[in-house]
Amino acid sequence: MTPIFFPIHLFPSIEYYAYLVRADHYIFEGEDHFQKQTYRNRYSIYGANGKLNLNIPIIHKTGSRFYKDTPISYDMDWQRNHIKSLKSAYQSSPYFEFYEDEITPLFTSKEKYLIDFNIKSFILVNDLLQLDVDIKKTTEYIPNPEQQDLRNYFHTKKESQQEFDSYIQVFSPEKGFIKNLSILDLLFNEGPNATTYLENIKLL
């Protein structure tokens, strides 16, 4: 089977997971350089004032650097901010209480490297979605693979062109539906139905 190349994102988008659930074989990029303003250290949720981006700060150094060697900064208490933001956004959602005890510990341990935190959170979310995903990483960077390459497909500044059926979000009755947020939005609002929702997305 031909693998699909995926990036390793922080609480990936719904579109990301729509591709993942359809993949028969996949490999995750572990040898690329860190790129700013990507979903490697950012994810989007639905807050009281609309779309809210949450970021994990990193320790900046001059020159190029491998993603796997990018350290997390703990100068600011971003962990407390993320937990507070998630509770504020989703504590009244149908399934937040059900998953809270699983998600919260992610923000209490201090991983040194960003990629380690992302993989740890990725494994947990996959377990909650009941997805059997083998986290097999690349051992070298291949610039132009012959296989399908999604490593740079998902952009923070380019809106997805996919069509997403609406589902009830905490603030959507008042403010409208926001599509393609972090998988956490779908998980907290749809719970066990999240995987079915992902499988029903008609990808372009």
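Conventions adopted
Residues numbered from 1 in each chain as written. Predicted model: local features only at pLDDT ≥ 70, side-chain atom pairs only at ≥ 80, totals over all residues. Heavy atoms only, no water. Helix = DSSP H or I, 4+ residues; strand = E, 2+ residues; numbered from the N terminus. Expected span 1.5 Å × (residues − 1). Buried < 20%, exposed > 50% of the residue type's maximum accessible area, 1.4 Å probe, protein only. Arc of directions from axis to C-beta. Contact = heavy atoms within 4.5 Å. Salt bridge = Lys/Arg side-chain N within 4 Å of Asp/Glu carboxyl O. Core = buried A, V, L, I, M, F, W, Y, C linked by side-chain atoms within 4.5 Å. Phe/Tyr/Trp six-rings, centres within 6.5 Å; stacked < 30°, edge-to-face > 60°. Lys NZ or Arg CZ within 6 Å of the ring centre and 35° of its normal.

Taking 1.5 Å of rise per residue, the 13 residues of helix 2 (residues 78–90) would be expected to cover 18 Å, and the 18 Å separating its terminal C-alpha atoms lies within 8% of that figure. Residues of helix 2 that are buried include every one of Trp 78, Gln 79, His 82, Ile 83, Ser 85, Leu 86, Ala 89 and Tyr 90, and no others. Down the axis of helix 2, the buried side of the element spans an arc of 165°, and every buried residue falls inside it. Of the exposed residues in helix 2, the ones pointing more than 90 degrees away from its buried face are Arg 80 and Lys 84. As for helix 2, its buried residues are in contact with strand 3 (42–47), strand 4 (50–55), helix 3 (96–103), helix 4 (114–128) and helix 6 (183–190).

On inspection of all chains with the given rule, the structure shows 7 salt bridges. Between Arg 151 and Glu 29 there is a salt bridge, and its shortest N-O distance comes to 2.7 Å. Within this pair, whereas Arg 151 is found in the loop between helix 4 and helix 5 (172–175), its partner Glu 29 is found in the loop between strand 2 (26–28) and strand 3, the two being separated by 122 residues in sequence. As far as burial versus exposure is concerned, Arg 151 and Glu 29 are alike and both buried. A salt bridge links Glu 100 to Lys 87, with the shortest nitrogen-to-oxygen separation between them at 3.5 Å. Taken as a pair, Glu 100 in helix 3 and Lys 87 in helix 2 lie far apart in primary sequence, 13 residues in all. You can call Lys 87 partly exposed: its relative accessible area is 32%. The structure contains a network of salt bridges with shared partners spanning Glu 29, Asp 149 and Arg 151.

Moving on to the nonpolar core. Among the nonpolar cores identified, the biggest contains 61 residues, and Phe 6, Tyr 17 and Phe 107 are the most heavily contacted of them. Counting residues per element, this core draws most heavily on helix 4, which supplies 8 residues. Every residue in contact with Phe 6, bar those within four places of it in the chain, is listed here: Tyr 16, Tyr 19, Leu 20, Ala 23, Tyr 26, Ile 27, Phe 28, Glu 29, Leu 150 and Arg 151.

The next point concerns the environment of Phe 6. Within the element layout of this structure, Phe 6 appears in strand 1 (residues 4–6). For Phe 6, a relative accessible area of 0% translates into the label buried.

Once that is clear, we can look at the packing of aromatic side chains. Summed over all chains, the structure comprises 24 aromatic pairs. Consider the rings of Phe 34 and Tyr 67, whose centres lie 6.4 Å apart with planes at 45°: the pair is tilted. Of this pair, Phe 34 sits in the loop between strand 2 and strand 3 while Tyr 67 sits in the loop between strand 4 and helix 2; the two residues are 33 residues apart in sequence, bridging distant segments of the chain. Looking at Phe 34, the relative accessible area reads 16%, which means it is buried. A residue is classified by how much of its surface remains accessible, and Tyr 67, at 0% relative accessible area, is buried. Centroid distance Tyr 153 to Phe 154: 5.1 Å. Interplanar angle 90°. Geometry classified as edge-to-face. Here a set of aromatic residues connected by ring pairs shows up, and it is made of Phe 6, Tyr 16, Tyr 17, Tyr 19, Tyr 26, Phe 28, Phe 122, Tyr 153 and Phe 154. Sitting over the face of the ring of Tyr 67, Arg 40 holds its NZ or CZ atom 5.6 Å from the ring centroid. The ring of Phe 66 has Lys 68 sitting right over it, with the charged end atom 5.8 Å from the ring centre.

Let us now look at unusual backbone geometry. Here Phe 11, not a glycine, exhibits a phi torsion of approximately 40°, which is positive. Within the element layout of this structure, Phe 11 appears in the loop between strand 1 and helix 1 (14–20). One non-glycine residue, Gln 37, adopts positive backbone phi at about 55°. Residue placement: Gln 37 occurs in the loop between strand 2 and strand 3. Here Gln 37 falls in the partly exposed class, since its relative accessible area comes to 48%.

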